[in-house]
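Topology and contacts: notes
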Amino acid sequence: MTALETIQNSCADALQRVNARIAGQLDSSNSMMSQIVTAQLRTKGKQLRPLVVVLCARMFGSVGEKAIAAAAAVELLHNASLIHDDVIDESKMRRNVPTINSIWDNHIAVLVGDYYTTGAMQQAISTGDIRIIESLCKLGKKLSLGEIDQLYNAREHALSENNYYKVIDYKTASLFVASAEMGCLAAEAPEDCLEALAHFALLFGRCFQIRDDVFDYYDSATVGKPTGNDLREGKVSLPLLHALSLSDVPGRDEAAALLSKDELSDDEIARLQAFARDNGGIDYAFAAMDKLRAEASEVLAPVPDCPEKKMLLDLFDFVIERKY
């Protein structure tokens, strides 16, 4: 059993309550919406964000309905962002199933994403806690800005580690930060603990995205899912950014020239993947994740030792070591 499965089992009752809330929130008398939502709810993913909400709340008391509603809110907004991302990226598959936009069309997919977004807002409002509502609203703003920044960087070829981290802080880490904040707020955690867990969640989110990006630098057969999609969309992540920063390595100029093209062939993507791998890009990414893990352990110092604190660190290790 993986660390994730152990933690999911520990939080099974709470996750069941979260999923029941989500299903209830998305219930609709419209047959088309019901058909789409039912299909979506069959593929829940790892549900890391609700797990973070639950673990943070459980550190400071029982997981009440406020925490459950907060977890449902952040998961609904997360899924709304994925639906909209699939439209923007013209993605055909997600979690090994066809996307809404590929089955129906972009118009319907955008409306379904909006439906999820309003559901997230209603769940946050149901907590009756303006701090949780504010956290969700700030999250929505960051997700939008992160997508805009990513599109701008791809179009303008604005390639730098600073730009990379800014994008992943907004597009990925912000979801985990909001999850930690909402869990703490729901349980009335001390302010120093809330700040420590929010900082931990930022580092966790960065690590999660870096690990996800590393998968994109291998062939599909090795990873077991389609790869190279980020490069196909003009998105350059940490492994390739590092390789490009080395001025004296063979193939550097060719790789930079390829990235200036508007469209890349499969062969050109494979060459960029190999360039990143052959010039230490993967090792550099793993070293970055190890630094994040060490810092994450340090920032949790104000949080009292408890099983949930260990679970968060175990979750961090799982993210680094995961194979999928």
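Everything below is about the structure shown above.
Here the structure is a predicted model, which is why all the values come from computation and not from measurement.

Looking only at helices and strands, one finds 17 helices and two strands in the protein. Taking 324 residues into account, the globule formula puts the C-alpha radius of gyration at 20 Å, and the protein, at 20 Å, falls close to it. Taken over 324 residues, the protein has a buried fraction of 50%. As displayed, the protein has an accessible area near 15000 Å², and 52% of this comes from carbon and sulfur atoms. Each charge class in the protein was averaged separately, 33 positive and 47 negative side chains, and the resulting centres sit 3 Å apart.

Here E75 is to be found in helix 5 (residues 65-89). There is no salt bridge for the buried E75, and the closest opposite charge comes from R49, which lies 4.9 Å off by N-O distance. When sequence neighbours within four positions are dropped, the list of residues in contact with E75 reads I22, K44, Q47, R49 and P50.

Between its first and last C-alpha, helix 17 (residues 307-321) extends 21 Å over 15 residues, near the 21 Å set by a 1.5 Å rise per residue. Listed as buried for helix 17 are E308, K309, M311, L312, L313, L315, F316, F318, V319 and I320. Looking at the buried residues of helix 17, the elements they touch are helix 1 (3-10), helix 4 (48-58), helix 10 (191-215) and helix 16 (281-299).

Attention now goes to the packing of aromatic side chains. Describing an aromatic ring pair means giving the distance of the ring centres and the angle of the ring planes. The final tally for this structure, using the stated rule, is six aromatic pairs. Note on Y164 and Y165: the rings are 5.4 Å apart at their centroids and 70° apart in plane angle, and the pair reads as edge-to-face. Accessibility assignment for this pair places Y164 and Y165 in one class, buried. With 5.7 Å between their ring centres and 55° between their planes, F176 and F208 make a pair best called tilted. Residue F176 is found in helix 9 (residues 161-186), and its partner F208 is found in helix 10; the two are separated by 32 residues along the sequence. Assessed through its relative accessible area of 0%, F176 is described here as buried.

Another aspect to go through is the pattern of salt bridges. Counted by the stated rule, this structure contains 23 salt bridges. Here E147 and K171 are joined by a salt bridge, their closest N and O atoms 2.7 Å apart. Of the two residues, E147 sits in helix 8 (residues 130-156) while K171 sits in helix 9, which places them 24 residues apart along the sequence. Per residue, the accessibility class of E147 equals that of K171, and both read buried. Linked through salt bridges whose partners overlap, the residues forming this network are D13, R17, R21 and E65.

Turning to the nonpolar core, a few remarks are in order. One finds L197, F200, I210, L240 and F316 to be the most contacted residues of the largest nonpolar core, which totals 106 residues. Examining the composition of this core, we find that 13 residues originate from one element, helix 10, more than from any other.

Non-glycine residue E90 carries a positive phi angle of around 55°. Assignment of secondary structure puts E90 in the loop between helix 5 and strand 1 (93-94). A relative accessible area of 60% means that E90 is categorised as exposed. In the Ramachandran plot, H157 falls in the positive-phi region, its phi being about 55° despite a non-glycine side chain. Position of H157 among the secondary structure elements: in the loop between helix 8 and helix 9.

Turning next to empty space enclosed by the protein. Applying the stated criterion to the full structure yields one cavity of 30 Å³ or more. Of the volumes computed, that of the largest cavity is approximately 120 Å³. What lines the largest cavity is a set of 13 residues, among which Q40, I83, D86, R94 and T99 lie closest to the centre. With four residues, the top contributor of residues to the lining of the largest cavity is helix 5.

Considering only enclosed or pocket space, the second largest pocket measures out at about 190 Å³ in volume. Elements supplying a minimum of two residues to the lining of the second largest pocket: helix 3 (31-41), strand 2 (97-98) and helix 6 (100-103). In terms of residues, the lining of the second largest pocket owes the most to one element, helix 3, which gives four residues. Residues that form the lining of the second largest pocket fall into these classes: seven nonpolar, four polar and no charged.

Turning our eyes to something else, we now look at the packing of helix 14 (residues 252-259) against helix 15 (residues 266-278). Between helix 14 and helix 15, the least distance of the axes is 10 Å, while the angle of their chain directions is 135°. Here helix 15 runs oblique to helix 14, going by the angle between their axes. The chirality of how helix 14 crosses helix 15 is left-handed. Here helix 14 contributes R252, E254, A255, L258 and L259 to the contact with helix 15, which in turn contributes E268, R271, L272 and F275. Grouping the amino acids of the contact of helix 14 with helix 15 by side-chain chemistry returns five nonpolar, no polar and four charged.

Conventions and cut-offs
- Residue positions within a chain follow its written sequence, with the count starting from 1.
- Per-residue local features are limited, in this predicted model, to residues with pLDDT of at least 70; the limit for side-chain atom pairs, both in listing and counting, is 80 or more; totals at the level of whole chains, interfaces and linings are taken over all residues.
- Water and hydrogen atoms play no part in the side-chain values, which are based on all heavy atoms of the structure.
- Helix and strand assignments follow DSSP, with helices taken as H or I runs no shorter than four residues and strands as E runs no shorter than two, numbered in order from the N terminus.
- With C-alpha atoms as the basis for the radius of gyration, the globule rule is written as 2.2 Å multiplied by the number of residues raised to the power 0.38.
- Each residue is assigned to one of three classes by its accessible area relative to the maximum for its type, calculated with a 1.4 Å probe on protein chains only: buried under 20%, partly exposed between the two thresholds, exposed over 50%.
- Shrake-Rupley sampling with a 1.4 Å probe provides the accessible areas, and residues are treated as covered by the protein chains on show and by no other component.
- The charged-residue count follows a simple rule in which Lys and Arg add positive charge and Asp and Glu add negative charge, with His and chain termini not counted at all.
- Where a charge lies is defined by one atom per residue type: Lys uses NZ, Arg uses CZ, Asp uses CG and Glu uses CD.
- The term salt bridge refers to a side-chain nitrogen of Lys or Arg lying within 4 Å of a carboxyl oxygen of Asp or Glu.
- Note on contacts: a residue pair is in contact if any heavy atoms of the two residues lie within 4.5 Å.
- Multiplying 1.5 Å by the helix residue count minus one yields the expected span of that helix.
- Pairs were defined over the aromatic rings of Phe, Tyr and Trp, the Trp ring being its six-membered one, requiring ring centres within 6.5 Å. Orientation was assigned from the angle between planes: stacked under 30 degrees, edge-to-face over 60, tilted for the rest.
- Here the nonpolar core consists of buried residues drawn from Ala, Val, Leu, Ile, Met, Phe, Trp, Tyr and Cys, with membership extended through side-chain atoms lying within 4.5 Å.
- A cavity, in this analysis, means grid points on a 1 Å lattice covering only the protein atoms where a 1.4 Å probe fits yet has no way out; a pocket is instead an open set bounded by protein on both sides within 12 Å along at least five of seven lines, and a residue lines either one if it has an atom within 4 Å of a point.
- Grid points are joined across faces, edges and corners, and a volume is the space filled by probe spheres set on the points.
- Throughout this entry, Asp, Glu, Lys and Arg are counted as charged residues, while Ala, Val, Leu, Ile, Met, Phe, Trp, Tyr, Cys and Pro are counted as nonpolar. The remaining residues, Gly among them, count as polar.
- Inter-axis angles, ranging from 0 to 180 degrees, are taken between N-to-C directions of lines fitted to C-alpha atoms, where helices are fitted over the stretch in contact.
- Note on angle classes: values under 35 degrees are labelled roughly parallel, values over 145 roughly antiparallel, values of 65 to 115 roughly perpendicular, and the remainder oblique.
- With the far helix as reference, a near helix turned anticlockwise by less than a right angle produces a left-handed crossing, and one turned clockwise produces a right-handed crossing.

Don't take any of this as a statement about function, it's just geometry.
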